[in-house]
Amino acid sequence: MTGAPPPYLPGHGLLAGRSAVVTAAAGAGIGGATARRLLEEGARIVLSDAHARRLKESEAALAAEFGADRVAALPCDVTDESRVTALLDLAEERHGRLDIVVNNAGLGGTADLVDMTDDQWDKVLDVTLNGTFRCTRAALRRMRAAGTGGVIVNNASVIGWRAQKGQAHYAAAKAGVMALTRCAALEAAAYGVRVNAVSPSLAMHPHLVKVTTPELLEELTSREAFGRYAEPWEVANVIVFLASGYASYLTGEVLSVSSQHP
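I will try to describe carefully the structure that is included in this document. (Residues numbered from 1 in each chain as written. Predicted model: local features only at pLDDT ≥ 70, side-chain atom pairs only at ≥ 80, totals over all residues. Heavy atoms only, no water.)

This part covers the overall build of the chain. Of regular secondary structure, the chain possesses eight helices and seven strands. Against the 2.2 N^0.38 benchmark of 18 Å for 262 residues, the chain shows a C-alpha radius of gyration of 17 Å, consistent with a compact globule. Along the first, second and third principal axes, the C-alpha set of the chain runs to 45 × 40 × 40 Å. Each of the 262 residues in the chain was classed as buried or not, and the buried ones make up 50%. Taking as baseline every contact in the chain between residues at least 6 positions apart, the subset at least 24 positions apart corresponds to 75%. With the model as given, the accessible surface of the chain reaches about 12100 Å², and the carbon-plus-sulfur share is 56%. (Helix = DSSP H or I, 4+ residues; strand = E, 2+ residues; numbered from the N terminus. Rg over C-alpha atoms; globule rule 2.2 N^0.38 Å. Buried < 20%, exposed > 50% of the residue type's maximum accessible area, 1.4 Å probe, protein only. Contact = heavy atoms within 4.5 Å. Areas by Shrake-Rupley, 256 points an atom, 1.4 Å probe, with all protein chains shown as cover.)

This is how it looks when you write it as structure tokens:
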């Protein structure tokens with residue numbers, strides 16, 4: 001059956017008592033959907049985003065719905081190590097521990113390689129790959145010191161596997177996120193931390209519509225087996241699974257939330 005997405009599933013308390021951090025979590029995309037799903041599953045969260053106004057609005061809305069004691073927020077530019085440190089500090093201060101980190105921050109763009117500037121390349125790599133590295137490193141240091149395990153889930157992309165014109169910088173960054181995930185998982189297993197990634201294709205939200213042509217959206221949608229784009233919460237569901245005890249023996253994996261795995 002293709003066309004309409006399935007019904008939205010209620011929470012089942014899979015993450016009750018856990019403390020989670022989600023980057024790039026303001027707005028209607030995967031990060032925002034993940035923050036909501038974590039709360040619905042019982043977690044306490046710290047939201048972050050580079051857009052302070054949207055972040056404040058998201059914090060207020062979620063706090064009103066789930067309780068101010070379960071929701072905190074801090075603007076964070078993942079290219080700034082001091083901001084990453086402050087973000088994880090807040091999670092430990094507000095919620096007493098750090099159990100889950102979802103690295104969702106990423107930056108795209110379109111430019112043919114022959115016309116791409118160093119600045120365009122560096123900016124996408126610094127947010128998408130280096131930012132994931134900074135957050136992963138900071139989280140692993142704390143989780144190792146705490147000795148109570150933990151989970152890191154990175155947001156990769158099917159474009160890390162397949163080619164797309166004008167996306168060399170973004171594809172390289174997402175392929176790097178996949179490799180980083182696998183290597184970090186091998187190291188972190190020694191102290192009980194799991195590191196995995198999701199690899200979505202097209203998860204529709206309002207911002208994507210503004211920066212993507214209708215022709216490209218139609219082309220990408222037509223490639224999917226279900227004949228539709230993913231809802232952001234469908235990707236968030238997989239992130240919740242990876243963060244939960246149901247994935248206790250899963251680490252170093254990149255799960256494709258798409259039919260476009262090569």
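What follows concerns the nonpolar core. Counting 31 residues, the largest nonpolar core has Leu38, Ile45, Leu47 and Leu62 as its most contacted members. Elements with a contribution of two residues or more to this core: strand 1 (19–22), helix 1 (30–40), strand 2 (44–49), helix 2 (52–66), strand 3 (71–75), strand 4 (100–103), strand 5 (150–155) and helix 8 (232–243). Core analysis: the second largest hydrophobic core is formed by 25 residues, Val46, Ala139, Ala184 and Val193 among them. (Core = buried A, V, L, I, M, F, W, Y, C linked by side-chain atoms within 4.5 Å.)

This brings us to the environment of Arg162. Among the secondary structure elements, Arg162 is positioned in the loop between strand 5 and helix 5 (168–188). The exposure class of Arg162 is buried, given its relative accessible area of 16%. Measuring from C-alpha to C-alpha, the distance between Arg162 and Asn104 comes to 20 Å, with 58 residues separating the pair along the chain. Dropping the residues within four chain positions of it, Arg162 is found in contact with Ser201, Leu220, Arg223 and Gln260.

Turning our eyes to something else, we now look at the side chain of Ser19. Relative to the helices and strands, Ser19 is located in strand 1. A residue is classified by how much of its surface remains accessible, and Ser19, at 0% relative accessible area, is buried. Ignoring any residue separated from it by four or fewer positions in sequence, one finds Ser19 in contact with Arg44, Ala91, His95, Arg97, Leu98, Asp99 and Ile100.

Looking at the element boundaries, Tyr229 is found in the loop between helix 7 (214–222) and helix 8. Tyr229 sits 29 residues away from Ser258 along the chain, and the two C-alpha atoms are 9.0 Å apart.

Counted by the stated rule, this structure contains 11 salt bridges. We note a salt bridge from Glu40 to Arg36, for which the minimum N-O separation is 4.0 Å. Of this pair, Glu40 and Arg36 both sit in helix 1, four residues apart, roughly one helical turn. Note on Glu40: relative accessible area 23%, which makes it partly exposed. Overall, the relative accessible area of 26% leaves Arg36 in the partly exposed class. For the salt bridge of Asp89 with Arg142, the shortest nitrogen-to-oxygen distance reads 2.7 Å. Linking Asp89 in helix 3 (residues 81–95) with Arg142 in helix 4 (residues 118–146), this pair joins segments that are 53 residues apart in sequence. Exposure remark for Asp89: the relative accessible area of 29% places this residue in the partly exposed category. Salt bridges sharing partners connect three or more residues here, namely Arg36, Arg37, Glu40 and Glu65. (Salt bridge = Lys/Arg side-chain N within 4 Å of Asp/Glu carboxyl O.)

The next subject is helix 5. The end-to-end C-alpha separation of helix 5 is 30 Å, in line with the 30 Å expected for 21 residues at 1.5 Å each. If you check which residues of helix 5 are buried, you get His169, Tyr170, Ala171, Ala173, Lys174, Gly176, Val177, Met178, Thr181, Ala184, Ala185 and Ala188. Where helix 5 is buried, its residues contact helix 4, strand 5, strand 6 (193–200) and strand 7 (254–257). (Expected span 1.5 Å × (residues − 1).)

Turning to unusual backbone geometry, a few remarks are in order. Even without being glycine, Ala24 reaches a positive phi, approximately 50 degrees. By the element assignment, Ala24 lies in the loop between strand 1 and helix 1. Note on Ala24: relative accessible area 26%, which makes it partly exposed.

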